[in-house]
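As a plain string of letters, each chain reads:
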Amino acid sequence: MIETGHELSLILENIIEELSITETMQNKAISGYTAVGNWLTDDLKKDIYIYPQGSMALGTIIRPISDKDEYDIDLVCLIKDGSGLEAKEIKQLIGNSLKNNGRYNHMLQKEGKRCWTLSYDEFHMDILPAVPGDTRNSNIRITHTEDGKVYLNKYSNPVKYRKWFLQQMLKGQVSEMFSIEARSEIEKVPIYNQIGNLQKIVKLLKRHRDIIFEGADHKPISIIITTLAAKAYKGNLLLYDELKNILMYMESFIERIDGTYIIRNPVEYNENFAEKWNSNSSHATQFFSWIQYAKSDFLNIKAGLDEVAELWGKSLGESLVNRAVKKYALGYRNARQDGKLHVNANTGLCIGTTTIASTKVKAHTFFGAEE
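Quick caveat: nothing in here was measured; it's all calculated off a predicted structure.

(A) A look at the overall build of the protein. The helix and strand inventory of the protein stands at 13 helices and 13 strands. By the burial criterion, 50% of the 371 residues in the protein qualify as buried. Counting every atom, the protein has about 18600 Å² of accessible surface; 48% of that belongs to carbon and sulfur.

(B) Structural detail: the packing of aromatic side chains. Here the structure, examined in full by the defined rule, presents 11 aromatic pairs. With 6.0 Å between their ring centres and 45 degrees between their planes, Y261 and F288 make a pair best called tilted. Taken together, the residues span a long stretch of sequence, with Y261 in strand β8 (residues 260-262) and F288 in helix α11 (residues 281-298) at a distance of 27 residues. Centroid distance F287 to F288: 5.5 Å. Interplanar angle 85 degrees. Geometry classified as edge-to-face. Its relative accessible area of 0% is what places F287 among the buried residues. Judged by its relative accessible area of 26%, F288 falls in the partly exposed class.

(C) Geometry of α11. Compared with an ideal rise of 1.5 Å per residue, which puts 18 residues at 26 Å, α11 spans 26 Å between its outermost C-alpha atoms and is within 8% of the ideal. Contacts from the buried residues of α11 go to α7 (197-212), α8 (222-232), α9 (239-249), β8, α10 (275-279) and α12 (305-316). Once α11 finishes, N300 follows within two positions and takes phi at roughly 55 degrees, a positive value.

(D) Region of the structure containing unusual backbone geometry. Located in the positive-phi region is K45, a residue other than glycine, with phi close to 55 degrees. Structurally, K45 can be placed in the loop between α2 (23-44) and β1 (48-52). For K45, a relative accessible area of 67% gives the class exposed. Positioned with a positive phi, H218 is a non-glycine residue whose angle comes to about 60 degrees. Locating H218 in the fold gives a position in the loop between α7 and α8.

(E) Focus on the nonpolar core. If you look at the biggest cluster of nonpolar residues, it comprises 57 residues, and the most contacted ones within it are I15 and W312. Secondary structure elements with two or more residues in this core: α1 (5-19), α6 (158-169), α7, α8, α9, α11, α12 and α13 (318-337). When near neighbours in sequence (up to four residues on either side) are disregarded, I15 contacts L204, W312, L316, L320, V321 and A324. With 30 residues, the next largest nonpolar core counts M25, I48, Y71 and V131 among its residues.

(F) Layout of a nonpolar patch on the surface. Together, M248, Y249 and F253 make up an exposed nonpolar region whose accessible area comes to about 310 Å². Inspection of the secondary structure puts Y249 in helix α9.

(G) Inspection of the pattern of salt bridges at higher detail. Following the criterion strictly, the structure yields 11 salt bridges and no others. Note that K113 and E146 form a salt bridge whose closest N and O atoms lie 3.5 Å from each other. Of this pair, K113 sits in the loop between α5 (102-107) and β3 (116-119) while E146 sits in the loop between β5 (140-144) and β6 (152-156); the two residues are 33 residues apart in sequence, bridging distant segments of the chain. Judged by its relative accessible area of 43%, K113 is partly exposed. A cluster of three or more residues bridged by salt bridges with shared partners is formed by R209, D210 and K219.

(H) Representation of the packing of α6 against α8 within the structure. At a minimum axis distance of 9 Å, the contact between α6 and α8 shows a crossing angle of 40 degrees. Here α6 is positioned oblique relative to α8, judged by the angle of their axes. Remark: the crossing between α6 and α8 carries left-handed chirality. Residues Y161, W164, F165 and Q168 of α6 lie in contact with α8, whose contacting residues are I223, T226, T227, A230 and K231. A breakdown of the residues in the contact of α6 with α8 according to their chemical character gives five nonpolar, three polar and one charged.

About the thresholds
- Residues numbered from 1 in each chain as written.
- Predicted model: local features only at pLDDT ≥ 70, side-chain atom pairs only at ≥ 80, totals over all residues.
- Heavy atoms only, no water.
- Helix = DSSP H or I, 4+ residues; strand = E, 2+ residues; numbered from the N terminus.
- Buried < 20%, exposed > 50% of the residue type's maximum accessible area, 1.4 Å probe, protein only.
- Areas by Shrake-Rupley, 256 points an atom, 1.4 Å probe, with all protein chains shown as cover.
- Phe/Tyr/Trp six-rings, centres within 6.5 Å; stacked < 30°, edge-to-face > 60°.
- Expected span 1.5 Å × (residues − 1).
- Contact = heavy atoms within 4.5 Å.
- Core = buried A, V, L, I, M, F, W, Y, C linked by side-chain atoms within 4.5 Å.
- Patch = residues over 30% accessible without salt bridge, like charges linked within 9 Å, V, L, I, M, F, W, Y side chains within 5 Å.
- Salt bridge = Lys/Arg side-chain N within 4 Å of Asp/Glu carboxyl O.
- Axes fitted to C-alpha atoms, helices over the stretch in contact; angles between N-to-C directions.
- Parallel < 35°, antiparallel > 145°, perpendicular 65-115°, else oblique.
- Left-handed = near helix turned anticlockwise from the far one by under 90°.
- Nonpolar A, V, L, I, M, F, W, Y, C, P; charged D, E, K, R; others polar.

This is the structure in structure tokens:
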């Protein structure tokens, strides 16, 4: 019977390791957008600052479900000396420059509502043209178009959002590994040798969303999952217990005023991440449906290892979970044989951890006797 948060946390750790992007892919992403930034700077003779946003900046990117699918890499292309540009000029300046490059012109997809997209072999790169916005809030001005004819100004603040997210990660922790450092002009993708529990949980929730709504329209978007999870995060619990806490409380950070759903950007008060929920109710319906699925799959687990593998295999990916569970079982067996398996009065089963409150679990031999 697997009942302790520590045991389930160990299994989840293995699952997250399977989900995480490889160092090789990280390096390809860095090389790819560094080259784009250099080209735009040289071609436009502008002061270009290109840096990752979204999951690449937050350390929450995950592998796609299928090896045939591509990674998403979200970038901001800030024209630092472009404050006087009109909305359409901001968008077209970057698009035209990419078209001027023989390689990028071949890779360029049709114009998106806010981004230009370059397709690589294993990932696609969404480039968001931007100029400095309201300097008081250190945000950026971007553009939005529905038909490629009318361009509207929008505002966002991915740099400040990242700092906010990292501060949420530090709750209940004293650690220097998450310190916020100054950015270089062509930003390095944040690579954490040891990522925090908040990042791990966001990865798990995004994967669960991807599996549950594979191929469906209006599935919950990552920025909403990330923001609500970060707001609910306590920062002083075991990984599994932290996951349970987030699932129980993340909905409490959704406002509804006069029938309007509001999920505020924590660093840009007027930006509502739930804007689409109010124009198309299916977005809200899908989100609340997903929350119920997640609670069913992760709360109140009281079953054996095989049952856990079957349950999570359906919602996180069968082959991925099977590999993670086998790794856990092997670690459990080896730790018991090596005398590194303990029961802690506070956290339950521990592998390789000895504390005053821990009792050593005796190793079994193949002859049925105990040492």
